[in-house]
Amino acid sequence: MDIEKLLKELKAQLFGLLEGNFNEFKPQLQKEITLFLEQSKDKLTRWTLLLADQSITKDEFEWLIKSQKDLLTLKALQTAGISKIRINNLKNSIIQTIIKTVFMVI
């Protein structure tokens, strides 16, 4: 499994989430998403390989990915005063996109 290719696909999919939403914060959000992926790379790699080897289930993988949600701070939106509900909705969309993208690749 090519993890670098997976990370590039994840980044493309996650940047796609920003299209039409939060355009004024897009550069900052792209930086934050990139940082999140860099910080999570080792865990994401390990968990993806475990999932591919069927050492963990899809449910376990989802739980592990969701546990990383707090690392995703989206400070640009917090600083701008965007509501916590909208920020959490974006965080949930990002987490779900990661899960769906990994499941597609495996």
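Anyway, here's the lowdown on the structure attached to this text.

## Some words on the overall build of the protein
Turning to step 1, where the next piece is worked out: Along the backbone of the protein there are 5 helices and 0 strands.
Turning to step 2, where the next piece is worked out: Across the protein, helices and strands are ordered from the amino to the carboxyl terminus as α-α-α-α-α.
Turning to step 3, where the next piece is worked out: Within the protein, the fraction of its 106 residues that count as buried is 40%.
Turning to step 4, where the next piece is worked out: The long-range share in the protein, meaning contacts at least 24 apart out of those at least 6 apart in sequence, stands at 67%.
Turning to step 5, where the next piece is worked out: For the protein, the computed accessible surface area is about 6400 Å², with 51% contributed by carbon and sulfur atoms.
Turning to step 6, where the next piece is worked out: Considering the protein, the positive charge centre built from 16 side chains and the negative charge centre built from 13 side chains are found 5 Å apart.

## Quick notes on the packing of helix H2 (residues 26-52) against helix H3 (residues 58-66)
Turning to step 1, where the next piece is worked out: Close contact between H2 and H3 brings their axes to 10 Å; oriented N to C, the two are set at 170°. By the angle between their axes, H2 is roughly antiparallel relative to H3. Facing Leu44, Trp47, Thr48 and Leu51 of H2, the residues of H3 in contact are Lys58, Phe61, Leu64 and Ile65.
Turning to step 2, where the next piece is worked out: Here the contact of H2 with H3 is built from residues that sort into 6 nonpolar, 1 polar and 1 charged.

## Some thoughts on the pattern of salt bridges
Turning to step 1, where the next piece is worked out: This model, assessed by the stated rule, comprises 3 salt bridges.
Turning to step 2, where the next piece is worked out: Of the charged contacts in the structure, one is a salt bridge between Glu62 and Lys66, with a shortest N-O distance of 3.9 Å. Placement of both Glu62 and Lys66 in helix H3 is noted, with a separation of 4 residues, approximately one turn of the helix.

## Let's talk about H2
Turning to step 1, where the next piece is worked out: The end-to-end C-alpha separation of H2 is 33 Å, well short of the 39 Å expected for 27 residues at 1.5 Å each.
Turning to step 2, where the next piece is worked out: At Lys41, H2 shows its strongest bend, of approximately 60°.
Turning to step 3, where the next piece is worked out: Gln54, located one to two residues past H2, shows a positive phi value of around 60°.

## Side note on unusual backbone geometry
Turning to step 1, where the next piece is worked out: Although it is not a glycine, Phe22 sits at a positive phi angle of roughly 55°.
Turning to step 2, where the next piece is worked out: Counting through the fold element by element, Phe22 comes out in the loop between helix H1 (3-17) and H2.
Turning to step 3, where the next piece is worked out: Unusually for a residue other than glycine, Gln54 sits at a positive phi of about 60°.
Turning to step 4, where the next piece is worked out: Topologically, Gln54 is positioned in the loop between H2 and H3.

So, how was this worked out
Residues numbered from 1 in each chain as written. Predicted model: local features only at pLDDT ≥ 70, side-chain atom pairs only at ≥ 80, totals over all residues. Heavy atoms only, no water. Helix = DSSP H or I, 4+ residues; strand = E, 2+ residues; numbered from the N terminus. Buried < 20%, exposed > 50% of the residue type's maximum accessible area, 1.4 Å probe, protein only. Contact = heavy atoms within 4.5 Å. Areas by Shrake-Rupley, 256 points an atom, 1.4 Å probe, with all protein chains shown as cover. Lys, Arg positive; Asp, Glu negative; His and termini not counted. Charge placed at Lys NZ, Arg CZ, Asp CG, Glu CD. Axes fitted to C-alpha atoms, helices over the stretch in contact; angles between N-to-C directions. Parallel < 35°, antiparallel > 145°, perpendicular 65-115°, else oblique. Nonpolar A, V, L, I, M, F, W, Y, C, P; charged D, E, K, R; others polar. Salt bridge = Lys/Arg side-chain N within 4 Å of Asp/Glu carboxyl O. Expected span 1.5 Å × (residues − 1). Bend = angle between axes of the 7 residues up to and from the residue.

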